[in-house]
Amino acid sequence: MTAEPEKTLQDLFKLATTVGNRRYHRLTQKDFADYRAFDYWRYINGDSECGTTEESRAWVRDNSEHHCPVCGAKFSPHHGRSIDHKLPRAQYPWLALDFRNLWVICHPCNQEKGERHWYEYEHYIFTRYPNRYQDIVFARPRHLLKLLRQV
Ligand SMILES: [Zn+2]
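Residues numbered from 1 in each chain as written. Predicted model: local features only at pLDDT ≥ 70, side-chain atom pairs only at ≥ 80, totals over all residues. Heavy atoms only, no water.

Details of helix 3 (residues 54-62)
For helix 3, the full list of buried residues reads Ser56, Trp59 and Val60. The buried residues of helix 3 occupy an angular sector of 95 degrees when the element is viewed end-on, so they sit on one face. Among the exposed residues of helix 3, those pointing more than 90 degrees away from its buried face are Glu54, Arg61 and Asp62. (Buried < 20%, exposed > 50% of the residue type's maximum accessible area, 1.4 Å probe, protein only. Helix = DSSP H or I, 4+ residues; strand = E, 2+ residues; numbered from the N terminus. Arc of directions from axis to C-beta.)

Let's talk about the nonpolar core
By size, the foremost hydrophobic cluster in this structure holds 27 residues, and its most contacted members are Val70, Leu87, Trp103, Trp118 and Tyr121. Counting residues per element, the ones that place at least two in this core are helix 3, strand 2 (102-106), helix 5 (118-128) and helix 7 (142-150). Contacts of Val70, omitting those with residues within four sequence positions, involve Trp103, Ile105, Cys109, Tyr121, Ile125, Arg132 and Ile136. (Core = buried A, V, L, I, M, F, W, Y, C linked by side-chain atoms within 4.5 Å. Contact = heavy atoms within 4.5 Å.)

Examining the pattern of salt bridges
Under the definition given, this model contains two salt bridges. Lys113 is the salt-bridge partner of Asp84, the closest N and O atoms lying 2.8 Å from each other. Taken as a pair, Asp84 in strand 1 (residues 81-85) and Lys113 in helix 4 (residues 107-113) lie far apart in primary sequence, 29 residues in all. The exposure classification of Asp84 matches that of Lys113, with both residues buried. Between Glu122 and Arg140 there is a salt bridge, and its shortest N-O distance comes to 2.7 Å. Of this pair, Glu122 sits in helix 5 while Arg140 sits in the loop between helix 6 (133-138) and helix 7, and the two are 18 residues apart along the sequence. (Salt bridge = Lys/Arg side-chain N within 4 Å of Asp/Glu carboxyl O.)

Here we look at the coordination of the zinc ion
Reference values for angles at a metal are 109.5 degrees in the four-donor tetrahedral case and 90 or 180 degrees in the six-donor octahedral case. Binding of the zinc ion to the protein goes through Cys68 (SG), Cys71 (SG), Cys106 (SG) and Cys109 (SG), at separations of 2.3 Å. Taken together, the four donor atoms coordinating the zinc ion span angles of 103 to 114 degrees at the metal, a pattern that classifies the geometry as tetrahedral. One chain supplies every donor to the zinc ion, and in sequence these donors are spaced C-x2-C-x34-C-x2-C. For Cys109, a relative accessible area of 5% corresponds to the buried category. (Donors = N, O, S within 2.8 Å, 3.2 Å for Na, K, Ca; no water. Tetrahedral: all angles 85-135°; square planar, octahedral: opposite > 155°, others 65-115°.)

Remarks on the side chain of Arg132
Its location among the elements puts Arg132 in the loop between helix 5 and helix 6. Buried within the structure, Arg132 lacks any salt-bridge partner; its nearest side chain of opposite charge belongs to Glu112, at an N-O separation of 4.9 Å. Excluding anything up to four places from it in sequence, Arg132 contacts Val70, Cys71 and Ile125. (Lys, Arg positive; Asp, Glu negative; His and termini not counted.)

Overview of the pairing of strand 1
The buried fraction of strand 1 is high, at four of five residues. Here strand 1 pairs with strand 2 via five bridges, running antiparallel. The residue of strand 2 that forms the bridge with Asp84 is Trp103. (Pairing = 2+ DSSP bridges.)

Put into structure tokens, the structure is as follows:
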């Protein structure tokens, strides 16, 4: 059970590097401009306000429940809502603009997740918080991971 995710992870990292390099060089100036606008859009201050724009507030409202899907804590000023990229921006800059790659989790969980790749994150949760593992597998961005394999 523990050896399998490692193997998948290795394969995936190799693929991510290949795909990532190719896609990154294809990005245009406009992509970067869009990205900057988008990055501003998804900024969440983590306090009582959910987002900095009407659009981001509405998106967060429509895409989150009362509790963080990772730790189950009720969203509060301390466990504020934040928009996270399931597949990290550092490795998949083009997916930073893809709504299918976003989910709303609490601030502490977002910080703990950091820049881990999704499978690395699943493995981390499996080791640290086995009782949360099923929920994380449920949230896996299957469609995006499948697309990555096809490139
Ligand atoms: Zn949480």
